[in-house]
Amino acid sequence: MQTKGYATQSATSPLGPFEFERRSAGDRDVQIAIEFCGVCHSDIHFARNEWGMTTYPFVPGHEIIGRVVKTGKDVRKFKTGQRVGVGCFVNSCRTCGSCKSDNENYCETGFTMTYGSLDLDGKTPTYGGYSNQIVVDKHFVLDVPEKLDPAGAAPLLCAGITTYSPLRHIGVTKGSRIAVMGLGGLGHMAVKLAASFGAEVTVLSRSADKQADAKKLGAHEFILTNTDGALNKLANRYDAIVDTISAKHDINGPLNCLKRDGTLVLLGAPPETLDLSAFALIFGRRKVMGSLVGGIRETQEMLDHCGAHGITSDIEMTTPDRINEAFERTLKGDVKYRFVIDCSKF
Ligand code: NAP
Ligand code: ZN
Ligand code: ZN
C-alpha cells in the first residue's frame, strides 16, 4: 500500500516528504490509519545516527495512535474503527524465554523495532509512525482507552511505558521516595506515574523555569541541579532515582542521594559512556540498572492504568511540515513536554 510520511536521507539532512510501500494486511495483521505520533528524543538520536545503527531513508516515530481500518481473518481482538496504539517494536521471536514471559522488549534474538529494523522477511526496512498508516501483527497492537485524549495518549506508547515499567519493577508504592532527573518527555511521565502510585516525587532539573510545572505534574519538590553542591543536602534520601537525561552527565553525585540499597534507573541513552565511581556504589550497597521500554502485556496494563487515572502526556501539537523545528526545540528543552504530530496532515 502506498504510504505517505516524512524521512531523513542522511545523518545531517532534515526530514522531508517521503512515499513508500507497506505490506497489505495479512491474516494476523491490523491495518491502522495513524492519527497522532509523538516525537521522542530517540527519534532524534536515530535520525542523526548518534547510536551508529541507522540506515536511510529513515522514517521515525514509535508513539503511534490511530484507528483500525482493516483486520486479517485471524484477528478477533480488534474491530474496524477501534482506537489502538503501537509502540517501539512490532515483532519478536515469540519463542525465547523473554518472549514467553511477556518480556518481548528483551527478546533474546532481537525484536523488530517499529523503525530502523528489517522486517521478518529479512529485507524490508521498518518505517515508523511519522506517516499516515501502518500494518502491524495483532500481538503488538495495544487497545487504547477511548476516554483518553488520543493525541495526549500517543506518548504513553514510549515515554509512558518506559517509565511505568521500571517503577513497577522496583516496587514503587505509596510512600516511596523517588527522584526524577531531567523533566522532558520521559521525565514528566515518570513524575505523573510515580505520583499516581502514591510516591513522594522530587524533580532534579537544570531548568529553573520548570519549577512551577513540576508541582502541577505531581512532584512534591523541585531541585535546581546546575549550581555547585545542589545535591549535597539530598544525601541518602531516595529509594530510587529515574534518570532520563539524553546527554552525557554525572551520575555519581545522584548515586550519593540514594538510600542504602537504593537504585539508579538509567533510561536516557546518551551515545557517550557514563563514568561510574565505585565509591558511590559500595558505600550504601547501591545499584544501577537500565530498562528498555516494556513488554506488550505491561504496556496494556500501563494504558489501562492511565485510562483509570486519566493520565496523558502534556503535549504541543505540530504538523509534518514543522517536524524539523520540533526536533530543534526538543533539543533545546523548549517543549512542554512532548511534541505530537497530527498525522492526518501527511
Ligand atoms: P527529552 O524530552 O529531550 O528530555 C530530556 C531531558 O533531559 C531534558 O528535558 C532536560 O531536562 C535533560 N537534559 C537534556 N540534556 C541535558 C544535559 N546536557 N545535561 C543535563 N540535563 C539534560 O528526551 P526524552 O524523549 O525524554 O528522552 C530522554 C532520553 O531517554 C533519550 O536519550 C532517549 O533516547 C532515551 N529513551 C530511552 C528509552 C528506554 O527504553 N530506555 C525510551 C525512550 C527514550 P531538564 O531541563 O529538566 O534538566
Ligand atoms: Zn521513544
Ligand atoms: Zn524472543
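In this text, all values refer to a predicted model and were calculated from it rather than measured experimentally. (Residues numbered from 1 in each chain as written. Chains lettered and ligands numbered in written order. Predicted model: local features only at pLDDT ≥ 70, side-chain atom pairs only at ≥ 80, totals over all residues. Heavy atoms only, no water.)

1. Comments concerning the coordination of the zinc ion (ligand 3)
Under the convention used in this document: Because no water is among the atoms considered, metal sites can look incomplete, with donors defined as N, O and S atoms within 2.8 Å of the metal, or 3.2 Å for Na, K and Ca. A site with four donors is called tetrahedral when every donor-metal-donor angle falls between 85 and 135 degrees; four donors are called square planar, and six octahedral, when opposite donors sit more than 155 degrees apart and all other angles fall between 65 and 115; any other arrangement is irregular. Exposure is judged per residue with a 1.4 Å probe applied to protein chains only, and the accessible area is read against the type maximum: over 50% gives exposed, under 20% gives buried, and values in between give partly exposed.
Those donors, Cys93 (SG), Cys96 (SG), Cys99 (SG) and Cys107 (SG), are the protein atoms that reach the zinc ion (ligand 3), and they lie 2.3 to 2.4 Å from it. With four donor atoms in place around the zinc ion (ligand 3) and angles of 103 to 121 degrees between them, the coordination shape is tetrahedral. Sequence positions of the residues that donate to the zinc ion (ligand 3) give the spacing C-x2-C-x2-C-x7-C. On the basis of relative accessible area, Cys93 is assigned to the partly exposed category, the value being 26%.

2. Comments concerning the site of ligand 1
Heads up, the condition is: Here a residue is near a molecule or strand as soon as one of its heavy atoms is found within 4 Å of it. The definition of a polar contact used here is a pair of N or O atoms within 3.5 Å, where within protein one atom must be able to donate a hydrogen and the other to accept one, and adjacent residues in sequence count solely through side-chain atom pairs. What sets the accessible areas is the Shrake-Rupley method with a 1.4 Å probe; for residues, cover comes only from the shown protein chains. Per the convention used, a helix needs a DSSP run of H or I reaching at least four residues, while a strand needs a run of E reaching at least two, with both numbered from the N terminus.
If you check the shell around ligand 1, you find 28 residues, and the closest are His41, Ser205, Ser207, Lys210 and Arg338. His45 has a polar side-chain atom sitting 2.8 Å from an oxygen atom of ligand 1. Here Leu183 contributes a backbone N or O atom positioned 2.7 Å from an oxygen atom of ligand 1. Relative to its free-state accessible area of 920 Å², ligand 1 is covered by the protein chains to the extent of 89%. Going through the elements one at a time, helix 1 (41-47) and helix 5 (185-196) are the ones with two or more residues in the shell around ligand 1. No other element matches helix 1, which puts three residues into the shell around ligand 1.

3. Digging into the sheet that holds strand 13 (residues 238-243)
Picture the strands of a sheet paired through backbone hydrogen bonds; they go either parallel or antiparallel. Applicable threshold: Here the rule is simple: two strands pair whenever DSSP picks up at least two bridges between them. Lines fitted to C-alpha atoms define the axes here, with helix axes fitted over just the stretch in contact, and angles between the N-to-C directions of these axes take values from 0 to 180 degrees. Note on contacts: a residue pair qualifies if any of its non-hydrogen atoms lie within 4.5 Å across the two residues.
One open sheet accounts for six strands, arranged 12-11-10-13-14-15; its pairing is parallel. Of all the strands in the sheet, the pair left with one neighbour each is strand 12 (221-224) and strand 15 (287-290). When strand polarity is set aside, the average angle formed by the axes of neighbouring strands in this sheet is 20 degrees. Sheet topology note: the strand 10 (residues 177-181)/strand 13 ladder contains four bridges and is parallel. Bridge pairing in strand 13 links Met181 to Asp243. Across the face of the sheet, helix 5 comes into contact with strand 10, strand 11 (200-205) and strand 13 while running at roughly 165 degrees to strand 11.

4. Considerations on the nonpolar core
Put simply, the test is: Each nonpolar core is a collection of buried residues, namely Ala, Val, Leu, Ile, Met, Phe, Trp, Tyr and Cys, held together in the definition by side-chain atoms within 4.5 Å.
Judged by nonpolar contacts, the single largest core of 90 residues is most densely connected at Tyr130, Leu156, Leu167, Val191, Ile323 and Phe327. For this core, the element with the highest residue contribution is helix 5, accounting for six residues. Beyond its immediate chain neighbours, meaning those up to four positions away, Leu167 contacts Val172, Ile178, Ala190, Leu193, Ala194, Phe197 and Val242.

5. Here we look at the pattern of salt bridges
Stated precisely, the cut-off is as follows: When a carboxyl oxygen of Asp or Glu lies within 4 Å of a side-chain nitrogen of Lys or Arg, that pair is called a salt bridge.
Under the counting rule described, the total for this entry stands at 28 salt bridges. Among the salt bridges present, the one from Lys73 reaches Asp27, with a minimum N-O distance of 3.6 Å. In this pair, Lys73 is assigned in the loop between strand 4 (64-71) and strand 5 (83-86) and Asp27 in the loop between strand 2 (16-21) and strand 3 (29-38), connecting sequence segments 46 residues apart. Measuring nitrogen to oxygen at the nearest pair gives 3.4 Å for the salt bridge that ties Asp102 to Arg297. Residue Asp102 is located in the loop between helix 2 (97-100) and strand 7 (112-113), and its partner Arg297 is located in helix 9 (residues 296-309); the two are separated by 195 residues in the primary sequence. Here Asp102 falls in the partly exposed class, since its relative accessible area comes to 31%. Taken together, the shared-partner salt bridges in this structure form one network comprising Glu316, Arg322, Glu325, Arg329 and Asp334.

6. Structural notes on the coordination of the zinc ion (ligand 2)
Around the zinc ion (ligand 2), the donor atoms from the protein are Cys40 (SG), His62 (NE2) and Cys158 (SG), and they sit 2.0 to 2.2 Å away. In the primary sequence, the donor residues of the zinc ion (ligand 2) line up as C-x21-H-x95-C. Within this pair, whereas Cys40 is found in the loop between strand 3 and helix 1, its partner His62 is found in the loop between helix 1 and strand 4, the two being separated by 22 residues in sequence. Accessibility assignment for this pair places Cys40 and His62 in one class, buried.

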